[in-house]
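Survey of secondary and tertiary structure
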Amino acid sequence: MHINPRIKISPSENQSLHFNKYHGLPAILFVVALAVLLALLCGCTLSKEAPKKMKDLEYSIVEDKDIPEKLKKAIDEKKAAEFKISFQDGDSMYIVHGYGEQETGGYSIVIHDLYLTENALYFDTELLGPKNGSNPQKKPSFPYIVVKTKTYKQNIVFE
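For the structure given in this document, a descriptive report is provided here.

Per the stated rule, a full pass over the model turns up three aromatic pairs. Relative to Tyr-122, the ring of Tyr-115 has its centre 5.2 Å away and its plane inclined at 5 degrees; by these criteria the two rings are stacked. For the pair Tyr-115 and Tyr-122, a shared accessibility class is recorded, and that class is buried. A cation over a ring is seen here: Lys-53 above Tyr-115, with NZ or CZ 4.8 Å from the ring centre. Here Lys-79 stacks its cationic end above the ring of Phe-142, 4.9 Å away from the centre of that ring.

Read across the sheet, four strands follow the order β2-β7-β4-β3 without closing on themselves; strand pairing throughout is antiparallel. Each edge of the sheet is formed by a strand with only one pairing partner; in this case those strands are β2 (60-61) and β3 (82-89). Here two bridges tie β2 to strand β7 (residues 144-150), and the two strands are oriented antiparallel to one another. Considered in β7, the bridge of Ser-60 is made with Lys-148.

Enumeration according to the criterion identifies five salt bridges in this entry. In this structure, Asp-113 and Lys-53 form a salt bridge, with 3.2 Å as the shortest nitrogen-oxygen distance. Here the residue Asp-113 occupies a position in strand β5 (residues 108-116), and Lys-53 occupies one in the loop between α2 (25-41) and β1 (55-56), the gap between them amounting to 60 residues. Among the residues examined, Lys-53 registers a relative accessible area of 39% and is labelled partly exposed. Here the salt bridges do not stand alone but share partners, grouping Lys-53, Asp-56 and Asp-113 into one network.

Rules used in this analysis
- Residues numbered from 1 in each chain as written.
- Predicted model: local features only at pLDDT ≥ 70, side-chain atom pairs only at ≥ 80, totals over all residues.
- Heavy atoms only, no water.
- Phe/Tyr/Trp six-rings, centres within 6.5 Å; stacked < 30°, edge-to-face > 60°.
- Buried < 20%, exposed > 50% of the residue type's maximum accessible area, 1.4 Å probe, protein only.
- Lys NZ or Arg CZ within 6 Å of the ring centre and 35° of its normal.
- Pairing = 2+ DSSP bridges.
- Helix = DSSP H or I, 4+ residues; strand = E, 2+ residues; numbered from the N terminus.
- Salt bridge = Lys/Arg side-chain N within 4 Å of Asp/Glu carboxyl O.

Now the structure itself:
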C-alpha cells in the first residue's frame, strides 16, 4: 500500500468551527480549578498549635486495692483492648488509660502530663515495653493506669 504525501485531509467547515469554539475551554477549567484549590488551602495550616496550659493538676496513682468497685468492674470488661475512661465519685475523678492485651508482662506506664486548659483536661501517658535483659512473664498482661484527681467540668483529652 502506498500513501501519497501530497494529499491533505482537512476538517470540514463544521468541524473547524467546533474545534475553535472549545479551544480555550481546558485552559479556563484549569485556571478555575487552580483558583478553587488555592481558596481551599488558604484556611489550612501545616502546624498544630499546642493547647495553652492553664495549670498542672495534682493527682495520685491509684493502687488496685483502692479502685472503686464500679470502676474495677468497668476496667475488667474493657481491658482486652485499649480503653480510655473516666469515673466520678463525689469530689474525686478517676482517669484510666488501659493499653489492652500485651503478649508478656513487664510493661510500665509513664505519665508525661496531666494539665488543664480552658476547654479540656489533658492526660498524656506512654506504654513502655519490658526492659532489655529482663525476663518478663510469658503470659499475657493487661497494663493500665488509674489516677485520681479532683473533679473538673472539662472534657478529657487522652494523648
